[in-house]
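Breakdown of the fold
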Protein chains: 4
Amino acid sequence: LGKYVDVTAITPTPLGEGKTTTLVGLAQGLGRIGHKTFACIRQPSMGPTFGIKGGAAGGGYAQVIPMEDFNLHLTGDLHAISIAHNLLSAAIDNHIHHGNALNINPFSITWNRVVDLNDRALRSVIVGLGGKPNGYPRESGFDIAVASEVMAILALTTDLKDLRARLGRIVIGTNRSGEAVTAEDLKVAGAMTVLLKDALQPTLLQTLEHTPAFIHAGPFANIAHGNSSVVADELAVRIADVCITEAGFGTDIGAEKFFNIKCRASGLAPDVAVIVTTVRSMKMHSGNHRIRPGRPLPPAMLEENPDEVTDGAANLRRHIGIIRRHGVTPVVAINRFTTDHESEHRAIADVCEVEGVAWAVSDPHAGGGAGCEDLARAVLDAEPSSFELLYPDDLPVRNKIERIATEVYGADGVVFETTAQKDIDRYEELGWGDLPICMAKTHLSLSHDPKVHGAPTGWTLPIRRVQASIGAGFLLPLAGEVRRMPGLASHPSAFDIDLLPDGTIVGLS
Amino acid sequence: LGKYVDVTAITPTPLGEGKTTTLVGLAQGLGRIGHKTFACIRQPSMGPTFGIKGGAAGGGYAQVIPMEDFNLHLTGDLHAISIAHNLLSAAIDNHIHHGNALNINPFSITWNRVVDLNDRALRSVIVGLGGKPNGYPRESGFDIAVASEVMAILALTTDLKDLRARLGRIVIGTNRSGEAVTAEDLKVAGAMTVLLKDALQPTLLQTLEHTPAFIHAGPFANIAHGNSSVVADELAVRIADVCITEAGFGTDIGAEKFFNIKCRASGLAPDVAVIVTTVRSMKMHSGNHRIRPGRPLPPAMLEENPDEVTDGAANLRRHIGIIRRHGVTPVVAINRFTTDHESEHRAIADVCEVEGVAWAVSDPHAGGGAGCEDLARAVLDAEPSSFELLYPDDLPVRNKIERIATEVYGADGVVFETTAQKDIDRYEELGWGDLPICMAKTHLSLSHDPKVHGAPTGWTLPIRRVQASIGAGFLLPLAGEVRRMPGLASHPSAFDIDLLPDGTIVGLS
Amino acid sequence: LGKYVDVTAITPTPLGEGKTTTLVGLAQGLGRIGHKTFACIRQPSMGPTFGIKGGAAGGGYAQVIPMEDFNLHLTGDLHAISIAHNLLSAAIDNHIHHGNALNINPFSITWNRVVDLNDRALRSVIVGLGGKPNGYPRESGFDIAVASEVMAILALTTDLKDLRARLGRIVIGTNRSGEAVTAEDLKVAGAMTVLLKDALQPTLLQTLEHTPAFIHAGPFANIAHGNSSVVADELAVRIADVCITEAGFGTDIGAEKFFNIKCRASGLAPDVAVIVTTVRSMKMHSGNHRIRPGRPLPPAMLEENPDEVTDGAANLRRHIGIIRRHGVTPVVAINRFTTDHESEHRAIADVCEVEGVAWAVSDPHAGGGAGCEDLARAVLDAEPSSFELLYPDDLPVRNKIERIATEVYGADGVVFETTAQKDIDRYEELGWGDLPICMAKTHLSLSHDPKVHGAPTGWTLPIRRVQASIGAGFLLPLAGEVRRMPGLASHPSAFDIDLLPDGTIVGLS
Amino acid sequence: LGKYVDVTAITPTPLGEGKTTTLVGLAQGLGRIGHKTFACIRQPSMGPTFGIKGGAAGGGYAQVIPMEDFNLHLTGDLHAISIAHNLLSAAIDNHIHHGNALNINPFSITWNRVVDLNDRALRSVIVGLGGKPNGYPRESGFDIAVASEVMAILALTTDLKDLRARLGRIVIGTNRSGEAVTAEDLKVAGAMTVLLKDALQPTLLQTLEHTPAFIHAGPFANIAHGNSSVVADELAVRIADVCITEAGFGTDIGAEKFFNIKCRASGLAPDVAVIVTTVRSMKMHSGNHRIRPGRPLPPAMLEENPDEVTDGAANLRRHIGIIRRHGVTPVVAINRFTTDHESEHRAIADVCEVEGVAWAVSDPHAGGGAGCEDLARAVLDAEPSSFELLYPDDLPVRNKIERIATEVYGADGVVFETTAQKDIDRYEELGWGDLPICMAKTHLSLSHDPKVHGAPTGWTLPIRRVQASIGAGFLLPLAGEVRRMPGLASHPSAFDIDLLPDGTIVGLS
């Protein structure tokens, strides 16, 4: 098998730290120095594409092309996921409408509908209004499609047969006796599979420097598991010398799920984890600045200030620790911005050296593969890893959550609210206690409070509810307020996107 | 230009009369006798595919292949339409949420959301619940995606520039002064166009006998205009000797819209209209039987009974008259079923001969192209047409509607309910009086009452409301109760569709 | 038994024609000329009191006192009705919440909640939101309390035992087999009766000239039956020489229900019906003017114009005919306003004389009883009546409705919409076909269109739905758009009502 | 002024400990030993009357008569409160409907509607559905009428002028600039006052032994302030030698509000506080039993077990401490039940004696006034009090709440949730920081968790939100889950209440 490299990051600013760009640049860099490399990248959601954050193709000389198609609905996978998801939703209300032979408790239904857009008006809706021909009124909602359990299933499944079985296991709620009701019970798991048969195939694109890239599965590691797919990685490690895959946001979010959900499922063991960091994110963690999405950085952040970088180092150190807790060798990639100063890069390097971690300055945006050769070499030279899971399957659910909270996030402990307590007890009764944990938590802080930077200590993680994704195979605790459907800003990217008469697309990035 | 042939039908049974099968068979038959032929077929909606009626690929030896992909989301067009449509929906609520600078009157909004499924629970919903972060509560609904104005635009547009302009002209409601608010005002027409850029290209498939077929635009001529696209037809008439296109349901529904909306837009003039009829539909119009979707035919309908066929002839005669009213030469295709009797075909032929209309028995399902050679020759030999529109652009709206009601449907007149009166007055004030009419009416009767068979006289057409599709370029009166979102049956096709471990799809047809 | 006089009116302006004032003045006038008289008056609703129309105590020197208490919640009857009504509403949702042992079909429930206010926001609501502890979501609504069936029961019942039985018979909807579900089934008819035990007693007040007046039952004869109570009338005809009772709005509305519902129930036969008319209402029926509630009369209406009065006479003639159709002797009361002219009164008198109807000019507002002595004498001298019902109990429901439409309203016939057809068939099946009819129709026209004045001919009455008030004992067809819950105006009377520091109430009238 | 005695209790069982019965018995007992006494009792709500708990007239030989009228809507006060409250509700939606000149932020509206029934389906509703004529859709709810701020105003006001002013000060929400919108702004405070003018008068009834009793204001001290009225008490202390008034539930609930809200408003200082206790409640606080409303007591509770009584003494001691914290002399009334044992009374007496508190066994139910003479003497002989408020007006809001939590409830501290923090900051900005606190907390525990008995320590009080009742003059923090609208049980009292043909009421108690 090829070398298996995960690209992750420190706790990012709301603007992102260039993780995908680094991944693409690193893949290109490895190619330049003679290694057959495959990049495994996630399918963008049109929510951010039309929202504030924009597309997810990388940037500058480290991009997946054609960028426009990549960022829109090239692969059709998200549409297939949406329609398969919504077919199950329709089947639920249809079943109740036609007499509810399964005796589904309508208050137990956790299966929302989805749309791959930021549409806050759909977060909380009442469906089934207008009288008997339209079914029974019910409070429900829509999530963004990438947060669908069907996406998680697609990311974790291994083949068509497993896909069919997982879709059948999806639990949409319970009957009035408290027993789980599944997609199989509702008789649409077959049709869902048929809708997803092509989506199961990773889409092959390439980077600007012709490195092959699999596009498969989706983002949003804060509210989903947010990793690229097992199928793509399995293919890539067999085809290439190096397979570089991506785990969303910081190591507490995407990488923790990469280790404990995805690698647990696939059996693959990562060799290296690249932690992408930037001068600006280090400065943010100093606590001296406030960064807002859609606005330029505060000018004070752009002044040369290596001490401030050092002040923000606690966050980086924590992320290094998280990687090491899983037995994996970290490499720090310092993603260069034009506004950086040499002294600031040095300050980051100093932190790494104290910690005994390899590092490289990389410049994928301006330099493409050439700008990432140092990083490529650091990755190749990394010490061997000895991967270990954070918790065994049979640890009780509460303890699993506590272990993540304390050993990954740095919390003192966990408070389970009443609803969460009941959820866990019920799930353990239903025999789901052995499943791994997929935390829904903000990606903007190591804690559950997006305003807290650095590496906070002396706090407690609140768990409000726990949901169950039985088809995907994990339990999903909600830490603090986490929205599964974003909203559009007052001036979203969609306003700037247009098609010129000559067919050129403008405004997409 | 090639010969331009429209395939339409008499008022069908709920099972359909094999219009697409005849179209494919006819195209194959023309090929067999040496004519380069192109079929222009509509993209199926997943609503019927997973519902009762099933797919729309034709059948037997007269099919478009690969049938499975054709019936699912092969082209992705319906997904592109759905997401473009829903992006505009999200933009509306987002605009109001961020202060409503355009002063949109929330009660005036007619732009629903869409999903390409039968989901009755979404017909009538309340969105925007859950407090200020989720926007303002509003009564709204979902339509099936094929009924979207975006689909109508895609079917009627001619190029990317026109597509962009039409999307911008979509009217979603009015401001508090009663002025129209458009997609352009909401600044998302550009992004919608970008989403649709690939959908504008017709998809090229082939039939079992290798006749090329363009797949483009969508069905549901009862609640939309339901014709295949202008772009596909324009291409086909330039490439081939014969272009065969399809207009949904009976001549009162699809063909009337084909003539007065689509041909008005494209400037193309049809040469022949093939009216597909069947023994069973003729018998239904005798008024002696009741046919129910999802159930087998009443056995009494299968007995030899040419007199009953003759009793049901009034409906066929009316459809012949509708075609002739537009100056077009009709040809009647008697679509053979294995349960037919020779004497019954003869009875239909007798009706045609009295009317002076050419006819042929065709057998596309069992015979493929070979079974349609007679029909092919009848089409080629048809007298030349002299196409004329039913009404000029500048006829007042009420008169246009009355002309359709009396000269096409055979009504004595029209009753405009109060809301419809107000709608028409408002539209004429807003300068939309010159647009053609796209009636929303049941396809199961020449009248607005689906239970009335034959060719009813002495009745009045009620118009409840009139909607405006300014981007598509028509006004949409609702005649009687017309639902823009179907529901699933208690045992829909979706239950039978599955994927076998070897990758075979079962249950799709 | 004493003489039994009903006070009714021609089709009124939105301002009302002084029916209650005339009633009080007539009662006072009869007293002045030596006849023991009792007035039976309806309890005002706080909807109009706080809305536009104001109180219902009469006016000037012909008032019930204390006016303030009379117009507010003196008797408490409407509160008792509201709480009894709403207890049944709560019992319905509670029953479903606790398992729905009666198998109530939630879509069949016709029993709304009530409040005695004009509150348009409550017309259409969704109740039962917020999850399982709050019951099942359901589309429902609130009516104004005077429109409650409980009010109708109170008006038509004869004693506590009958009240108990009628409350038990109230039908709130059906079970899933289509059988009626009653208040008795829901086990709260006893508690409802206990709540109403004091409301069953008429409240005794007096007029400014010390004529005794029973206050009992409620108004809104357009959407309810709107007559004063059987109990009060039965008492009064036994105590007094003359009992004067009131039937709301025109003879087509209140008097028709007085005859065919109330007298059918009580067995009492009226001796005289006083038709109150005014110069301004006659002028309105000429069709020359438009009167708006809350605005002053158009000045042109105040000019001397006896011809215009004559032009509006068709309406009065029709009302005279309606009274005579029931075998009752009409007397026309010309209620004088200070803006009237002698010649205009003469014009009305001429109409009456041609019709052979006794008449008198009365001036209750300025003259009190003295101003109504002529009217009093005309009533005493009226020819004897020979009362007959418009239709027998066993006439089929459709025919009863048609008879009212054609013989009372002057329509050519009735169109029953589909829902109404189903309602009637179901009610006849359930054995309710023998009940009398309580039409819900606008009081502002003899037709169902409030904008049509005079005595229209050549029209058809549309019946949308039919409701069933089995406890009250009638069927309730809805003719056109009839709202059972009014809304407040932009400047309702409530804004002007206040309590001065000395305890004086201002703004009530 | 007469002696001013408050009757309160220890933390009760769900069945109640006979506080009203003791109050009536004590008043009768004082009468028997020669003291002119007046009882001030609260108006029952029809929610409990028709629910599980039943009426509130006392019981046995210590009752207010006529019990039936007392428990139903004798005084009409709750109806007047309901209609005045709902008039303001209607005015809010009407104002928005007519253009929202005050620019009310619909999401800020905290003024619900009310009904005096247990109707869970109304807890959470959407109003204003059905299109423009019905106003704007809005999420809202209904509270039980006794929880209305109008009830609190009626209880705390001193005269008509003050009533008028307080109603005008009611804050229903804010405008979009965050400024308070009042009933005065909405112009209906005058009409509301007029509706309440008679309700301001206490209703005079009597007990079975002819002790006069004022019935005024309402219960539900858990979600409202739940004390009898200032007006009634002011009258009674001027008329009688002794005025006995009632504060709902335990001293932590009703008495705390009596001291810090009612006495702060009236300026009256209590002389004695009678703490009613029972053997069964003492046993419940041992933690050994679970008592459920609507079910008989566990048989084990009825066995002689003085040790268990002693085990539950911590709760009583805490209540004694709460009274003393306010400088008032407590007297413990041991309300005898037939199932008690002498030794158990002795156990309670021992607790009192250790605490130095006077006590008496009383038997109002079986013995009437005679059974309460000991208690009467204990009250008369009580040491003089030196009343003091728990906190000054100008203590910051958070500190007031913390003082109640720690010094009254025995909590370690308070956790203010985010919403509560914002509420308090906003209220202090709006100048409402000087108002006293009216906690909404369960009455079934000294803590916020109804399942915790005894006198818990080592816990923290969570405050979710804080509401503002500016007309009543207090802030209303919600501690834990507190419902302002009860629901009916599966077999509520309403099912047993009926009216026999002879007019007898059965089933009320």
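Please refer to the structure higher up on the page.
Every value quoted in this text rests on a predicted model; they were computed, and no experiment measured them.

**Focus: the relation of the copies chain C and chain D**
In summary, the two copies of the chain are related to each other by a rotation about an axis coupled with a shift along it. Aligned on chain D, chain C shows an RMSD of 0.1 Å; the corresponding rotation is 180° and the shift along the axis is 0.0 Å. The two molecules are tied by a two-fold rotation axis, judged by turn and shift. If distances are taken from each C-alpha of chain C to the rotation axis, the shortest is found for C:Ile126, at 2.6 Å. Most of the interface of chain C is mirrored in chain D, where 98% of its interface residues are also at the interface.

**Describing the pairing of strand 12 (residues 212-215) of chain A**
All names here are of chain A. Bridge analysis of strand 2 (residues 37-41) against strand 12 gives three bridges, and the strand direction is parallel. Looking at strand 12, one finds that Ile41 is bridged to Ile215. Both strand 11 (residues 203-207) and strand 12 contribute to a ladder of four bridges, which runs antiparallel. Within strand 12, the residue paired with Leu204 across the bridge is Phe214.

**Re the pattern of salt bridges**
Inspection of the entire model under this criterion finds 108 salt bridges over all chains. Two residues, A:Asp252 and A:Lys441, come together in a salt bridge whose shortest N-O distance is 3.1 Å. On the criterion of sequence distance, the pair formed by A:Asp252 in helix 9 (residues 251-266) and A:Lys441 in the loop between helix 17 (418-429) and strand 18 (460-469) is long-range, its members being 189 residues apart. For the pair shown, A:Asp252 and A:Lys441 are each scored as buried. Between D:Arg280 and D:Glu17 there is a salt bridge, with the nearest N and O atoms lying 3.4 Å from each other. A residue pair is termed long-range when its members are at least 10 positions apart, and D:Arg280 in helix 10 (residues 279-284) and D:Glu17 in the loop between strand 1 (3-9) and helix 1 (19-32) qualify at 263 residues. The structure contains a network of salt bridges with shared partners spanning A:Arg32, A:Glu373, A:Asp374 and A:Arg377.

**Quick look at the sheet that holds strand 19 (residues 474-479) of chain C**
Residue and element names in this part refer to chain C. What the three strands build is an open sheet, ordered 17-18-19; its pairing is mixed. The open sheet has two edge strands, strand 17 (413-416) and strand 19, and neither has a second partner. Direction aside, the axes of adjacent strands within the sheet are offset by 50° on average. By the bridge criterion, six bridges tie strand 18 (residues 460-469) to strand 19 in an arrangement that is antiparallel. Within strand 19, the position partnered with Ile463 by the bridge is Ala479.

Here is what the cut-offs are and how they apply
Residues numbered from 1 in each chain as written. Chains lettered and ligands numbered in written order. Predicted model: local features only at pLDDT ≥ 70, side-chain atom pairs only at ≥ 80, totals over all residues. Heavy atoms only, no water. Least-squares fit on C-alpha atoms with pLDDT ≥ 70 in both. Contact = heavy atoms within 4.5 Å. Pairing = 2+ DSSP bridges. Helix = DSSP H or I, 4+ residues; strand = E, 2+ residues; numbered from the N terminus. Salt bridge = Lys/Arg side-chain N within 4 Å of Asp/Glu carboxyl O. Buried < 20%, exposed > 50% of the residue type's maximum accessible area, 1.4 Å probe, protein only. Axes fitted to C-alpha atoms, helices over the stretch in contact; angles between N-to-C directions.

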